[in-house]
Amino acid sequence: MFNNVCVEIQFVNVIFTICFGVVIYSCQMNKLNERTTPPPMSATYKSLNRLDRVSGRVEESQSEVKRMEDRSLLQNIRRPPKLSTPVLIISKLIVTALPIAQVSIGAIYLHDCPKQPYIPIYLLVSGVFALVLGLLSCLPCTQEPEDGTQSPLSSLCTAWNSLVSLFLFCWFIAGNVWIYSIYQPSYNTGTDYCNKTLYLFAFWTTTLVYILLGITFLGGCCMLFCLCLCGRSGNVDDV
């Protein structure tokens, strides 16, 4: 009888120990699951939305900085730096030297080109109108004010300068026809000749315009190429 009671007590102890171990094991597994359980999807979505907002703000700030840089570049192109007075005077003298020479040579050799009598007239008219255009550019009415407003007098000066420039362009085309159509004339005195000084001066001054245009065109192409390279390098850096 006593042995049966002891066996039952031992059996109860074993069952209790097993139950207690199962409870402890389940508690430990719950704690591990709580530690390793991923965050809920709502928290993940919130974090992703925050990242998207931050990246969007960064992109907006970068695009705004780029727009400001482009705007400042355009303003610098539209409004070049003002030259000092001595440099401005020297540049005006250099620009007016060629028209003065055209007027002088055209007046001196006015009747010394029977082959094409319009060549000295071409030089005279070109020199006079170029001098008028250069003198008008020195007037205060032609200077653009800093605030961007224009008075009626400045608008009139701008319209006059535009008309004179258009006339000079058309006159230049006519001079090309007169000069290059008789290349190369006889320089000996006769009924069908042209003074050598007159013709060579008209020929090389006209050709000089094309040389300067070619240099300007090449310089503009090089500048555009450099700007394209700088823009591509900036886009690569942004990426």
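Since we're looking at a predicted model, the values are computed, not measured. (Residues numbered from 1 in each chain as written. Predicted model: local features only at pLDDT ≥ 70, side-chain atom pairs only at ≥ 80, totals over all residues. Heavy atoms only, no water.)

Student: Can you help me understand the pattern of salt bridges in this one?
Tutor: If the charged atoms of two oppositely charged side chains come close together, the side chains can form a pair. The final tally for this structure, using the stated rule, is one salt bridge. Across the pair Asp-192 and Lys-115 runs a salt bridge whose closest N-O atoms are separated by 3.3 Å. Residue Asp-192 is found in the loop between α5 (152-180) and α6 (196-238), and its partner Lys-115 is found in the loop between α3 (85-108) and α4 (118-137); the two are separated by 77 residues along the sequence. Assessed through its relative accessible area of 43%, Asp-192 is described here as partly exposed. (Salt bridge = Lys/Arg side-chain N within 4 Å of Asp/Glu carboxyl O. Helix = DSSP H or I, 4+ residues; strand = E, 2+ residues; numbered from the N terminus. Buried < 20%, exposed > 50% of the residue type's maximum accessible area, 1.4 Å probe, protein only.)

Student: It is not clear to me how α5 should be interpreted in this structure. Could you clarify?
Tutor: A turn of α-helix holds 3.6 residues, and therefore any two residues three or four places apart point the same way. With 29 residues, α5 ought to run about 42 Å at 1.5 Å a step, and its terminal C-alpha atoms sit 42 Å apart, in line with that. Every buried residue of α5 is accounted for by Ser-154, Cys-157, Asn-161, Val-164, Leu-168, Trp-171, Phe-172, Gly-175, Asn-176, Trp-178 and Ile-179. (Expected span 1.5 Å × (residues − 1).)

Student: Explain the state of the cysteines here, please?
Tutor: Here a disulfide denotes one covalent bond, and it connects the sulfur atoms of two cysteines. With the rule as written, the count across this model stands at one disulfide. As a non-bridged cysteine, Cys-221 has Cys-222 as the owner of its nearest cysteine sulfur, 7.0 Å distant. Exposure remark for Cys-221: the relative accessible area of 36% places this residue in the partly exposed category. Unpaired in terms of disulfides, Cys-230 finds its nearest cysteine sulfur in Cys-226, a separation of 6.6 Å. (Disulfide = S-S within 2.5 Å.)

Student: I'm lost on unusual backbone geometry in this one. Help?
Tutor: Keep in mind that most residues, glycine aside, have a negative phi and that most peptide bonds are trans. Here the residue pair Tyr-183 and Gln-184 is connected by a cis peptide bond, since its omega of -5 degrees sits within 30 degrees of zero. Looking at the secondary structure, you find Gln-184 in the loop between α5 and α6.

Student: Where do I start with the nonpolar core in this structure?
Tutor: Taken as a class, soluble globular proteins show a tendency for nonpolar side chains to be buried jointly. Core analysis: the biggest nonpolar cluster contains 16 residues, and Ile-119, Tyr-122, Leu-123, Ile-179, Leu-198 and Tyr-199 have the highest contact counts within it. Within the residue set of this core, elements represented by two or more residues are α4, α5 and α6. If one sorts the elements of this core by residue count, α6 sits on top with five residues. If we ignore the near neighbours within four places in the chain, the residues touching Tyr-122 are Trp-171, Phe-172, Gly-175, Trp-178, Ile-179 and Thr-206. (Core = buried A, V, L, I, M, F, W, Y, C linked by side-chain atoms within 4.5 Å. Contact = heavy atoms within 4.5 Å.)

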